[in-house]
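The chain contents come next:
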Amino acid sequence: MSGPIYGLMAEFEDPTALVEATRRAREEGFTKLDAYSPYPIEALTEALDIHDRKLPAVVLGGGILGGRAGFALCYWCSVIEYPLNVGGKPFNSVPAFIVPTFETTILFAAFAAVLGMLGLNGLPMPYHPVFNAPRFALASRDRFFLCIEAKDPKFDHDDTWAFLTKLGPRVVMDVEE
Amino acid sequence: MADGTPNPAAEKPATPHGAILAPGYSFTTLTDKLASIALSRRTPRAWFFGAAVGFLLTMVLLGTITAIVFRGVGLFGVNVPVGWGFDILNFVWWIGIGHAGTLISAILLLLRQPWRNSINRFAEAMTIFAVSCAGLYPLLHTGRPWMDYWLLPYPNSMGMWPNFRSPLVWDVFAVSTYATVSLLFWYVGMIPDLATLRDRAKKLWAKLLYGMLAMGWRGSARHWQRYETASLLLAGLATPLVISVHTVVSFDFAAGIVPGWHATIFPPYFVAGAIYAGFAMVLTLAIPLRKIYGLEDFITLKHLDNMAKITLATSLIVAYGYGVEAFMAYYSGNVYERYMIWNRMNGPYHYMYWALIFCNVIAPQVLWFRKVRRNIPALFCMAMIVNVGMWLERYVIIVVSLSRDFLPSSWGMYHGTRFDWSMFLGTIGLFIALLFLFIRVLPMISIFEMRAILPEAKVREEEA
């Protein structure tokens, strides 16, 4: 081993093995761990006990802000800043303002969804230690990885290595920091 | 398979009836085959041909735009009484085509239709390119395209603001939101596949390009969970958005008083027509693409069959719209409304109306037959007929209605000039050019969503 390590990574060949290994690692008491897969696996979310409900709240916030901003724009332009009598219609023509309001609601909510997802995931992230694992490029192709991080209180290089080996991976490897 | 990628199709039986993916693929072979299209495979000769056609026609577009900017919008055939001609009808036609992409990517995702997984990516790309083509028309039609920023609300020295009661301003909001959200949805959908391309790329420039675009995606379970939430929420947002866009486009007409425009049926009728036109365009693109790139394993007969069924269903809704237009004209007892429908059927443009009825009402009825839905040349011809039919529909609605409104003294005829036609051809070229560029450099089939529908992707619960 050359430098400090980020954690230990085990490679599995199919999703069932990864979900099973993740469950056993959680039962063993590891808390700082993450699983990597080439497509979303719902059972993995349960196995890792991920309960993140921030994103829907962010999107709701974006939508509410967008709706208010859109209506405020229509109202401010048509009633306050530039009241223009068009065919005797009221300055505050609410039914007509629904369309721009609706569109800005969707626009802000969509931006909140995308930027919220990226932000909460910490992306863009040009460098991450897991990419140092020699075979990690396969995580975007056909392989499944479980990484137990060195900052886990239960982490001990040799014990954790032995534990991961018991789970029946293809290979266990060090992930350098 | 001249490219040397593993081809499981060689040693396995044909795709079973009704399958949405040929058997015999694993994560490895599927990923390699789909990623190789952008990365390592030799570019098919058909690609160069298509890209060349697209490029040449794009030059025609640039020439036309230059002429319009230098000489003025008078080069288009529009004048009193037909102030909206090819420019607005092509705008509506292109916007409508875009709608199928959003329908496939958003509505079919919410309805949990896994067959969408192989066609959603290029359908979304089609949406963005179609909206780009559509946007050019109203921008040039303003006559002073260099002042188009006046459409936006911004503080200016004239102290003026847009009139938010006008459907034309609604259009600016609806179309720009639609373009932006479609682009976001498309890009977010591509991030995991860009990571695959980054990891599979051998050339430095490809590693750099895909690496930057993938933003460091590493397939973490925590990321996937938020990613899936974001996709669902975006789909939920895009669904009402896509309905609103063509509704707002139809308001451009329905809020006017011209007979033939002023109808409450317009919003649903326009939305159905948009989906109808869009699915025809997806078929028009999917059929040659699966052939050129040998993607029959991923875009199977089942996909074509399903799309043909949606085309048929929406054609019936559109036909109902034509029926209601005629019935309301009769039932209103209004002489102008009645004359409008008489004029469509018997007036100087009657051949357009009857061609439209043939293309959109009579011809699609052949799609009731399974044999036709699964006959690829027949389906391609049908899709082309629909493309033409929907163009004629907008011609009839816009030009024919305007050419004879209330006062016979103000009637007139309209024909597109060569600039109208070259602009239309040019946008088709821009569409083709963008599409071929996209196919060459980006994953045109969603790789990670295809992995998820492989049999081996299922987690076996009893063992886990």
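The rules behind these values
Residues numbered from 1 in each chain as written. Chains lettered and ligands numbered in written order. Predicted model: local features only at pLDDT ≥ 70, side-chain atom pairs only at ≥ 80, totals over all residues. Helix = DSSP H or I, 4+ residues; strand = E, 2+ residues; numbered from the N terminus. Rg over C-alpha atoms; globule rule 2.2 N^0.38 Å. Buried ≥ 20, exposed ≤ 12 C-beta atoms within 10 Å, placed from the backbone. Contact = placed C-beta atoms within 7 Å. Nonpolar A, V, L, I, M, F, W, Y, C, P; charged D, E, K, R; others polar. Core = buried A, V, L, I, M, F, W, Y, C linked by C-beta atoms within 7 Å. Domains from an automatic or database assignment. pLDDT = per-residue confidence, 0-100. Axes fitted to C-alpha atoms, helices over the stretch in contact; angles between N-to-C directions. Parallel < 35°, antiparallel > 145°, perpendicular 65-115°, else oblique. Left-handed = near helix turned anticlockwise from the far one by under 90°. Pairing = 2+ DSSP bridges.

K.L.:
Got a minute to help me understand the overall build of chain A in this structure?
P.N.:
Regarding its fold elements, chain A presents five helices and four strands. When its helices and strands are written in sequence order, chain A yields β-α-β-α-α-α-β-α-β. The C-alpha atoms of chain A give a radius of gyration of 25 Å, which is well past the 16 Å a tight globule of 177 residues would have. Its C-alpha atoms give chain A principal-axis dimensions of roughly 80 × 30 × 30 Å. Sorting the 177 residues of chain A into buried and exposed places 42% on the buried side. Pairs at least 24 apart in sequence give 81% of the contacts found in chain A among residues at least 6 apart.

K.L.:
What am I meant to see in the interface of chain A and chain B here?
P.N.:
Interfaces are often sized by the amount of accessible area the parts lose when they come together. Contact residues are listed per partner, giving 59 residues for chain A and 54 residues for chain B. Elements supplying a minimum of two residues to the side of chain A that touches chain B: α1 (15-28), β2 (33-36), α2 (42-47), α3 (54-81) and α4 (94-120) of chain A. Take the side of chain A that touches chain B: its biggest share by element is 14 residues, from α4(A). For the side of chain A that touches chain B, a count of residues per class yields 42 nonpolar, eight polar and nine charged.

K.L.:
Is there a simple way to explain the nonpolar core in this structure?
P.N.:
Across soluble globular proteins, you tend to see nonpolar side chains buried next to one another. Among the nonpolar cores identified, the biggest contains 190 residues, and A:A113, A:L146 and B:V282 are the most heavily contacted of them. Residue-level mapping places this core at the junction of two domains, with at least three residues from each of domain 1 (5-52 + 131-176) and domain 2 (54-120) of chain A. Filtering out sequence-adjacent residues up to four positions away, B:V282 remains in contact with B:A100, B:I119, B:A123, B:M126 and B:M307.

K.L.:
Would you explain the environment of B:S410 in this entry?
P.N.:
Residues and elements named next belong to chain B. Mapped onto the elements of the fold, S410 is located in the loop between α13 (376-403) and α14 (418-441). Residue classification places S410 among the exposed residues on the basis of 11 C-beta atoms within 10 Å. Taking the C-alpha atoms as reference points, S410 and P81, separated by 329 residues in sequence, lie 6.6 Å from one another. Not counting chain neighbours up to four residues away, the residues in contact with S410 comprise P81 and D405.

K.L.:
Please explain the confidence of the model for chain B as it appears in this structure.
P.N.:
Low pLDDT means the predicted coordinates in that region are not meant to be read closely. Residues and elements named next belong to chain B. A residue-level look at chain B finds 96% of positions with pLDDT of 70 or above and a mean pLDDT of 89. In the predicted structure, residues 1-12 sits below a pLDDT of 50 and forms 18 contacts with residues beyond four places in sequence or in another chain. Model confidence for the complex: the whole-complex pTM is 0.91, and ipTM, which rates the interface, is 0.92.

K.L.:
In this structure, what is going on with the environment of B:W354? I would like to understand it.
P.N.:
Residues and elements named next belong to chain B. Its place among the elements puts W354 in helix α11 (residues 350-362). By the C-beta count within 10 Å, which is 15 here, W354 ends up partly exposed. With 255 residues separating them in the primary sequence, W354 and H99 have C-alpha atoms 25 Å apart.

K.L.:
When you look at the packing of helix α3 (residues 86-110) of chain B against helix α4 (residues 120-141) of chain B in this model, what are you seeing that I'm missing?
P.N.:
Packed helices, taken two at a time, are described by their axes: the angle between them and the distance between them. All names here are of chain B. Contact pair α3 / α4: the axes reach a minimum separation of 7 Å and the direction vectors enclose 160°. By the angle between their directions, the pair α3 and α4 is classed as roughly antiparallel. Here α3 runs over α4; the crossing is left-handed. Split into classes, the residues belonging to the contact of α3 with α4 amount to 16 nonpolar, eight polar and two charged.

K.L.:
Hey, could you run me through the sheet that holds strand β4 (residues 171-176) of chain A in this one?
P.N.:
Two modes of strand pairing occur in sheets, parallel and antiparallel, and in both the strands are linked by backbone hydrogen bonds. Residue and element names in this part refer to chain A. Spatially, β2-β3-β1-β4 is the arrangement adopted by the four strands of the open sheet, whose pairing is antiparallel. The open sheet has two free edges, formed respectively by β2 and β4, since each of these has just one partner strand. Neighbour-to-neighbour, the strand axes of the sheet open up by a mean angle of 20°, direction not taken into account. Across the sheet, α1 is in contact with β1 (5-12), β2 and β3 (144-149); its angle to β3 comes to roughly 15°.

K.L.:
Just to check I follow, could you spell out the packing of α3(A) against α4(A) for this structure?
P.N.:
Residues and elements named next belong to chain A. Following both chains from N to C, one finds α3 and α4 inclined at 150°, their axes separated by 7 Å at the closest point. It follows that α3 is roughly antiparallel to α4 by the angle criterion. Relative to α4, α3 is oriented so that their crossing is right-handed.

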